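Results of the structural survey
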Amino acid sequence: MTSVRIPAGWPATEAEARAEQDRLRGRVVLDEPGPPPGTGRVTGVDVAYDDERGVVAAAAVTLDAATLAVVAEATAVGEVAFPYVPGLLAFREIPTVLAALAALDGEPGLVVCDGYGLAHPRRFGLASHLGVLTGLPTIGVAKNPFVFSCTEPAAARGSTAPLLAGGEEVGRALRTQAGIKPVFVSVGHRVSLAGACAHTLALAPRYRIPESTRRADALCRRALREAVARADGTGRSEP
């Protein structure tokens, strides 16, 4: 487990964070298709917080895209790097997520974030931010549509409906399991929207949430429990 400090010069105010989003947003690459679904490696990233202690734990779990078997995993624990502000959540998480990615054994391949890419009020959610900083292809798969509107996709697995900001399609609602609530997919960096949806379906053969995210969620929660137990001096964590 890697321990992370807030980087020197990290934005400390809303104005600084918004300026950084404006600076980086123009670097998002939208004209690449991304890796073919079901090939290479796919890495899920997720975070868990203990707001009382100001601690965030990040996990990165790499799967073989063809079999969904885990081939690498890593965690990092750090200080929460920014206060909670809707639309600026990436600034709370990115230093620790970057540390977890850097600690992986091997290349991450496509990175799947539990959150947003272009489906963000400033068109620069965590998936886009992470993609620009790392150069990796990234997508966002969120559990709700944030501030955007969409109609319900058809009930069949694989059905989609556009996620709209006015008349602009910023993502798609995707039914990963028949008759189950959809997820909300958006491009992060260096992947097409159709490709992002195809990857999400390939990663969700049994459950609503992609297997990459499910694995990363479980691992970051465990890492947070262990970090809190060490900080409390108990040396053990609750199951």
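Presented here is an overview of the structure given in this document. Everything numeric here is computed off the predicted structure, so don't read it as measured data. (Residues numbered from 1 in each chain as written. Predicted model: local features only at pLDDT ≥ 70, side-chain atom pairs only at ≥ 80, totals over all residues. Heavy atoms only, no water.)

Overview of helix H3 (residues 126–134)
Here H3 lies mainly inside the structure; seven of its nine residues are buried. Three or more residues of H3 are buried, namely Leu-126, Ala-127, Ser-128, His-129, Leu-130, Gly-131 and Val-132. Buried residues along H3 sit in contact with helix H1 (14–25), strand S2 (41–50), helix H2 (90–102), strand S5 (110–113), strand S6 (138–142) and strand S9 (183–189). Positioned one or two residues after H3, Gly-135 has a phi angle of 80°, which is positive. (Buried < 20%, exposed > 50% of the residue type's maximum accessible area, 1.4 Å probe, protein only. Helix = DSSP H or I, 4+ residues; strand = E, 2+ residues; numbered from the N terminus. Contact = heavy atoms within 4.5 Å.)

Remarks on the packing of aromatic side chains
If you walk through the whole model with that rule in mind, you get three aromatic pairs. For the pair Tyr-116 and Phe-146, a centre-to-centre distance of 5.1 Å together with 20° between the ring planes defines the contact as stacked. Taken as a pair, Tyr-116 in the loop between S5 and H3 and Phe-146 in the loop between S6 and strand S7 (160–165) lie far apart in primary sequence, 30 residues in all. Among the aromatic residues, those joined into a ring-pair cluster are Trp-10, Phe-82 and Phe-91. The positively charged end of Arg-92 is found above the aromatic ring belonging to Tyr-49, 4.5 Å away from the centroid. If you follow Arg-214 out to its NZ or CZ, it ends over the ring of Tyr-207, 3.8 Å from the centre. (Phe/Tyr/Trp six-rings, centres within 6.5 Å; stacked < 30°, edge-to-face > 60°. Lys NZ or Arg CZ within 6 Å of the ring centre and 35° of its normal.)

Structural notes on the side chain of Glu-93
Positionally, Glu-93 belongs in helix H2. An unpaired buried charge is present at Glu-93: no salt bridge exists, and Arg-92, the closest side chain of opposite charge, is 5.7 Å distant. A distance of 2.8 Å separates the side chain of Glu-93 from the side chain of Tyr-49, its partner in a polar contact. Contacts of Glu-93, omitting those with residues within four sequence positions, involve Val-47, Tyr-49 and Leu-126. (Lys, Arg positive; Asp, Glu negative; His and termini not counted. Salt bridge = Lys/Arg side-chain N within 4 Å of Asp/Glu carboxyl O. Polar contact = N/O pair within 3.5 Å; in protein donor to acceptor, adjacent residues only side chain to side chain.)

So, the environment of Glu-169
Tracing the chain through its elements places Glu-169 in strand S8 (residues 168–174). Separated by 29 residues in the primary sequence, Glu-169 and Ala-198 have C-alpha atoms spaced 17 Å apart. Ignoring any residue separated from it by four or fewer positions in sequence, one finds Glu-169 in contact with Pro-162, Leu-163, Leu-164 and Leu-193.

Concerning the pattern of salt bridges
Between side chains of opposite charge, a pair can form when the charged atoms approach closely. As enumerated under the stated definition, the model contains 17 salt bridges in all. Across the pair Asp-50 and Arg-53 runs a salt bridge, and its minimum N-O distance is 2.7 Å. Salt-bridge contacts for Arg-215 lead to Glu-211; the nearest nitrogen and oxygen are separated by 3.1 Å. Of this pair, Arg-215 and Glu-211 both sit in helix H5 (residues 211–232), four residues apart, roughly one helical turn. Each of the salt bridges in this network shares a partner with another, and the network as a whole consists of Asp-22, Arg-25 and Arg-122.

Concerning the sheet that holds S8
Here nine strands make up an open sheet; going across it, the order is S1-S4-S3-S2-S5-S6-S9-S8-S7 and the pairing mixed. Pairing within the sheet leaves two strands with one partner each, and these edge strands are strand S1 (2–4) and S7. Pairwise comparison of adjacent strand axes, ignoring direction, gives a mean angle of 30° for this sheet. Inspection of the sheet shows S6 paired to S9 by five bridges, in the antiparallel sense. By the bridge assignment, Gly-140 is partnered in S9 with Ser-186. Those strands touched by H2 are S1, S2, strand S3 (55–64), strand S4 (70–79) and S5, and its axis lies near 45° from that of S3. Running at roughly 40° to S2, H5 makes contact with S2, S3, S4 and S5 of the sheet. (Pairing = 2+ DSSP bridges. Axes fitted to C-alpha atoms, helices over the stretch in contact; angles between N-to-C directions.)

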